[in-house]
Amino acid sequence: MATTLPPSPFPITSFQLDQEGETTPANFLAFLQTLLSKGLGSSRIPVSSKEDWTTLVEGLSEHFLATFPNTGSTLWSTLHEKIKLCSESLVVIERAAIRVDELFVDSDGRSIVILGRLLGFLLTLESWTTPAVSQCNKVDSPGELRKKAIEAVGAAVGAFTSKSQGESAICEKLLERSLATINEMLNVYSAAGWPLRLSFLDFSSLTEASDNDLDLKLEIETTYHFSLVMMDLFRVTVICFKANLPNPDFISRFNREVALVARRSLNFLLSSDTPLLVSQRVDGLASIVQSVNSLRFPNDVGRNILASVPTTLLVFRLKDGPKEDWRSVDKALHDLYSSGTFPLEPRNLSSLVLEMALRKEWGIDGLILIVSDCSFHQRYSFNGLFRILHALLS
């Protein structure tokens, strides 16, 4: 059964006035929430309804995402209505990309425009993500909105790559530019003056649309902003890479480069020369480790490149000692070792790592952090580990 939409409420003429006959932000927010609860459930939506959904999604991207103000032009606390509408719009776009058949299959480039606006919105949010705007009452923070934007990008990329070769080529271009931009950022960082200005991707060159907002550029103001852009571009890289796993030619082409960029990004965040607050360094490391763990490289090329990195991270953490601020990194490392994808390398470090984990200040947390690693199970019997655990608890 086709799911139909009410007439499009665009454009919304005012965010301040409730004039008769006009759609107000409150009414439109209620419309989006109803749409999510009733129109975008678990059922597939047939291609016969695609045009209505495309019009809605395109309108959301145009009127809310593409018009979101840059930092410095106003205060986050004054954008409550717009934040709420953008938040719900992102969820609608994500769900529609998953549920509506062939939503991102077209010949006029509208789907490319939508993807470009999603990424442009993500880049805008990165400039808003600062310690001063880390938490907000009643509305999403910039960081929370970034997570929703990433999820929407992931759904859109999945919709592209599940279709024809032409659509998959868009995602290939996005992966190429994400990798190239991260490498360029890391190459120029040490000599960079702020703001650092780089080109990312001109989506208007991929479609007939003549929209200056689709020529995505980076203007990076601080090292923290730099780390946020790097994190999000690597997330986009992982999204594109995973979406193309069924394509062996694609994977063989990008396998090595994705692993190299992951290693460079982690080394940058681990370096004492990178001036970041603890919370900022933790966010970056946890994000990259989680992304690496989700990659599941299909062959040994990527795994071999990253073989020593998890051990380097673990030694770094064990030397630094247990700290509550680092819990998210510790959990990410634990999950990485639990997967069995990256055993401790080189193997002769295993005894050193175990000795460090058993330091008094670590206690049982040190053991928990490492015993999920499969390589430890090969060298230490269950009885041996039990004796160690007993010693820690006694």
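In this report, the structure presented in the accompanying data block is examined.

1. Let's talk about the packing of aromatic side chains
- Across all of its chains, the model carries 12 aromatic pairs by this definition.
- Each member of the aromatic cluster is reached from another via a ring pair, and the members are Phe-68, Trp-76, Phe-121 and Trp-128.

2. A look at the side chain of Ser-127
- By the secondary structure assignment, Ser-127 is in helix H4 (residues 110-128).
- There is a polar contact of 2.7 Å between the side chain of Ser-127 and the backbone oxygen of Thr-124.
- Setting aside anything within four residues of it in sequence, one finds Ser-127 in contact with Thr-71 and His-225.

3. Topic: empty space enclosed by the protein
- For the structure on display, the rule yields one cavity of 30 Å³ or more.
- Within this model, the largest cavity holds a volume of roughly 50 Å³.
- Lining the largest cavity are Leu-266, Val-289, Val-292, Leu-306, Val-309, Pro-310, Leu-313, Leu-336 and Phe-342.
- Those elements giving two or more residues to the lining of the largest cavity turn out to be helix H9 (278-295) and helix H11 (309-320).

4. Focus: the pattern of salt bridges
- Scanning the model with the defined rule gives 16 salt bridges in all.
- In this structure, Lys-148 engages Asp-140 in a salt bridge whose closest nitrogen and oxygen atoms are separated by 2.9 Å.
- Take Lys-148: its relative accessible area is 23%, and that puts it in the partly exposed class.
- Classification of Asp-140 as buried rests on a relative accessible area of 16%.
- Salt-bridge contacts for Asp-320 lead to Lys-323; the nearest nitrogen and oxygen are separated by 3.2 Å.
- Owing to a relative accessible area of 40%, Lys-323 belongs among the partly exposed residues under this scheme.
- Among the ionic contacts, a cluster of salt bridges with common partners joins Arg-317, Asp-320, Lys-323 and Asp-330.

Conventions adopted
Residues numbered from 1 in each chain as written. Predicted model: local features only at pLDDT ≥ 70, side-chain atom pairs only at ≥ 80, totals over all residues. Heavy atoms only, no water. Phe/Tyr/Trp six-rings, centres within 6.5 Å; stacked < 30°, edge-to-face > 60°. Helix = DSSP H or I, 4+ residues; strand = E, 2+ residues; numbered from the N terminus. Polar contact = N/O pair within 3.5 Å; in protein donor to acceptor, adjacent residues only side chain to side chain. Contact = heavy atoms within 4.5 Å. 1 Å grid on protein atoms, 1.4 Å probe; cavity = no way out; pocket = protein on both sides within 12 Å on 5 of 7 lines; lining within 4 Å. Points joined across faces, edges and corners; volume = space filled by probe spheres on them. Salt bridge = Lys/Arg side-chain N within 4 Å of Asp/Glu carboxyl O. Buried < 20%, exposed > 50% of the residue type's maximum accessible area, 1.4 Å probe, protein only.

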